[in-house]
Amino acid sequence: YFSLAASSRAFFGRKEDSTDEKTRALEEVLVQTEEQELAKYLDMVEQAIVRQLSARSDDFFQAVSNLGELSDLVSNTCARVRRLRLGIRNVQSDAVQGVL
C-alpha cells in the first residue's frame, strides 16, 4: 500500500538544513515579489475607482442642481395655476351676477 503523504514526509524530511534555508529564503523573496505586484494592482484599482467616482460625481451634482431647478419651476407653475383658477372663478362669478 502506497501512501503519498508518508512518501512526501520521508522525501522532504531528508533535505539538508542549508537547502531548507535556501528554500525558505526563495519562498520569502517570492512572497515579497507577489505582495509588491498585488500592491501595484491594488493601487491601479484604487486609482480607477477614484477616476470613476470623480467623473460620476460631477454628473450627480449636476443632476441634483437640475432637480432643484425643476422643483422651483413646478412650484412657480402651481402658483400661477392657482392664480389663474382664482381669476377664472372671479370672472365667472361676475358674469353670473351680471346676468341676475
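Reading guide: rules and limits
- Residues numbered from 1 in each chain as written.
- Predicted model: local features only at pLDDT ≥ 70, side-chain atom pairs only at ≥ 80, totals over all residues.
- Heavy atoms only, no water.
- Helix = DSSP H or I, 4+ residues; strand = E, 2+ residues; numbered from the N terminus.
- Buried < 20%, exposed > 50% of the residue type's maximum accessible area, 1.4 Å probe, protein only.
- Areas by Shrake-Rupley, 256 points an atom, 1.4 Å probe, with all protein chains shown as cover.
- Patch = residues over 30% accessible without salt bridge, like charges linked within 9 Å, V, L, I, M, F, W, Y side chains within 5 Å.
- Salt bridge = Lys/Arg side-chain N within 4 Å of Asp/Glu carboxyl O.
- Phe/Tyr/Trp six-rings, centres within 6.5 Å; stacked < 30°, edge-to-face > 60°.
- Lys NZ or Arg CZ within 6 Å of the ring centre and 35° of its normal.

## Focus: the overall build of the protein
At step 1: When helices and strands are tallied, the protein shows two helices and zero strands.
At step 2: Per-residue burial for the protein yields a buried fraction of 0% across its 100 residues.
At step 3: When the accessible surface of the protein is totalled, it reaches about 9,500 Å², and 59% of it is carbon and sulfur.

## Quick word on a nonpolar patch on the surface
At step 1: Together, Leu-38, Tyr-41 and Met-44 line one region of the surface with nonpolar side chains, adding up to about 330 Å² of accessible area.
At step 2: Mapped onto the fold, Tyr-41 is located in helix α2 (residues 17-99).
At step 3: With a relative accessible area of 40%, Tyr-41 lands in the partly exposed category.

## Observations regarding the packing of aromatic side chains
At step 1: Enumeration according to the criterion identifies one aromatic pair in this entry.
At step 2: When the ring of Phe-60 is compared with that of Phe-61, the centres are 5.3 Å apart and the planes differ by 70°; the resulting orientation is edge-to-face.
At step 3: The ring of Tyr-41 has Lys-40 lying over it, and the distance from NZ or CZ to the ring centre is 5.6 Å.

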